[in-house]
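Overview (structure and organization)
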Amino acid sequence: MDRAKERLESLGALSRMTGQVFSRAVRPPFDWRGLVYHTESLGVRSLPIALLTAMFAGLVISLQFGYFLSRFGVQYTVGRVVILTLFRELAPVLTALTVGARIGSGIAAELGAMTVTEQVDAIRALGADPLRKLVVPRVLACLIVLPVLTVFADVVGLVAGALVVNIQYAITLNLFFQGALDAVLMPDFASGVFKGAVFGLIIGLVGCFRGLTVEGGTEGVGRATTQTVATTSVSVCLADFFITQLTLSL
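Residues numbered from 1 in each chain as written. Predicted model: local features only at pLDDT ≥ 70, side-chain atom pairs only at ≥ 80, totals over all residues. Heavy atoms only, no water.

Here we come to the packing of helix 3 (residues 47–70) against helix 6 (residues 130–169). Running from N to C, helix 3 and helix 6 point in directions that differ by 40 degrees, and their axes come no closer than 7 Å. As summarised for this structure, helix 3 and helix 6 are arranged oblique, according to the angle between their axes. The chirality of how helix 3 crosses helix 6 is right-handed. On the side of helix 3, the interface is formed by Leu47, Ala50, Leu51, Ala54, Met55, Gly58, Leu59, Ser62, Leu63, Gly66 and Tyr67, while helix 6 contributes Leu149, Phe152, Ala153, Val156, Gly157, Ala160, Gly161, Val164, Val165, Gln168 and Tyr169. (Axes fitted to C-alpha atoms, helices over the stretch in contact; angles between N-to-C directions. Helix = DSSP H or I, 4+ residues; strand = E, 2+ residues; numbered from the N terminus. Parallel < 35°, antiparallel > 145°, perpendicular 65-115°, else oblique. Left-handed = near helix turned anticlockwise from the far one by under 90°. Contact = heavy atoms within 4.5 Å.)

What follows is the structure in structure tokens.
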């Protein structure tokens, strides 16, 4: 019961912080310099791992679908399956799980270190707002970064898939991309980008919340980073289910 109560209290505190972050994000002054800095540090530096994950995801699903579709003699339709799988599910989810682990744990560790060394209290004592100064730029950066990385993952995964089926099953690039473009619709692409934005928001909020609520010194910082990775992973999968339900019903 104590653990359940503690988790409910944490959920309530996270919800309260979320509302405070939104209210501060839409009111001036805006910290454009901080937003640009965190967008670069969280996004550009995460680009290699996002693209590498997308490349191997495109290779694997193209090989798998090409193999099974060849049993029915319709392997030429593999492009249609691959693009829908990438755009709707694999690109946003895998990007959030891999990049999100890096981003979320990094935010939690950075803010956690500031919390245990009382830097956050010093900011508050100087009359500044820690949420506006520390949390809002990071959350907005995550909100921008994840959809952009998802788009890059779409492109890289699709190109990798086209190349591997061209080599493995002698399907021309023109046939692959023609089938893909015939099958995909704008809502398919938009749903993946929307998922990326929601996942980015979750990662930013959870990472900041864990970092600002650290207890127990340096050991607490380690626990916060671990909890951030676990929480964001579960939250991303849970949010993916509900968003998929929503987008399919529209």
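From this point, the discussion proceeds with the structure in view.
Core analysis: the biggest nonpolar cluster contains 37 residues, and Met17, Val21, Ile103, Ile107, Val135, Phe199 and Cys208 have the highest contact counts within it. Elements that contribute at least two residues to this core include exactly helix 1 (2–25), helix 2 (32–43), helix 4 (78–116), helix 5 (119–125), helix 6, helix 8 (186–212) and helix 9 (217–249). Counting residues per element, this core draws most heavily on helix 6, which supplies ten residues. Beyond its immediate chain neighbours, meaning those up to four positions away, valine 21 contacts Val135, Val136, Val139 and Leu205. In this structure, Val78, Leu158, Ile171 and Phe176 belong to the second largest nonpolar core, which totals 15 residues. (Core = buried A, V, L, I, M, F, W, Y, C linked by side-chain atoms within 4.5 Å. Buried < 20%, exposed > 50% of the residue type's maximum accessible area, 1.4 Å probe, protein only.)

Inspection of every chain in the model, using the stated rule, returns zero disulfides. Cysteine 208 supplies the cysteine sulfur nearest to cysteine 142, a cysteine that is in no disulfide, at a spacing of 7.0 Å. (Disulfide = S-S within 2.5 Å.)

Now for the environment of leucine 131. By the element assignment, leucine 131 lies in helix 6. Between the C-alpha atom of leucine 131 and that of cysteine 208, which follows or precedes it by 77 residues, the distance is 9.2 Å. If we skip the residues at most four places from it in the chain, leucine 131 touches Met17, Gln20, Arg24, Val136 and Leu212.

A word on the packing of aromatic side chains. Scanning all chains against the criterion turns up five aromatic pairs. Between tyrosine 67 and phenylalanine 68, the aromatic rings sit 5.3 Å apart at their centres with planes inclined by 70 degrees, giving edge-to-face as the arrangement. With a centroid separation of 5.3 Å and an interplanar angle of 75 degrees, the aromatic rings of phenylalanine 241 and phenylalanine 242 are classed as edge-to-face. Since its relative accessible area comes to 46%, phenylalanine 241 is described here as partly exposed. For phenylalanine 242, a relative accessible area of 52% gives the class exposed. (Phe/Tyr/Trp six-rings, centres within 6.5 Å; stacked < 30°, edge-to-face > 60°.)

Next up on the list: the layout of surface pockets. In this structure, the largest pocket occupies an estimated 820 Å³ of space. Contributing to the lining of the largest pocket are 22 residues, with Ser10, Leu11, Phe209, Arg210 and Thr231 lying nearest its centre. Among the elements that make up the lining of the largest pocket, the one with the highest residue count is helix 1 (eight residues). Looking at the lining of the largest pocket residue by residue, the class counts come to nine nonpolar, seven polar and six charged. Taken as a whole, the second largest pocket spans an internal volume of roughly 270 Å³. What lines the second largest pocket is a set of 15 residues, and nearest its centre among them are Met17, Arg124, Leu131, Leu212 and Thr213. Listed by contribution, the elements that provide at least two residues to the lining of the second largest pocket are helix 1, helix 5, helix 6 and helix 8. (1 Å grid on protein atoms, 1.4 Å probe; cavity = no way out; pocket = protein on both sides within 12 Å on 5 of 7 lines; lining within 4 Å. Points joined across faces, edges and corners; volume = space filled by probe spheres on them. Nonpolar A, V, L, I, M, F, W, Y, C, P; charged D, E, K, R; others polar.)

We now examine the side chain of histidine 38. Considering the arrangement of structural elements, one finds histidine 38 in helix 2. For histidine 38, a relative accessible area of 9% gives the class buried. Ignoring any residue separated from it by four or fewer positions in sequence, one finds histidine 38 in contact with Gly43, Pro137, Arg138 and Ala141.

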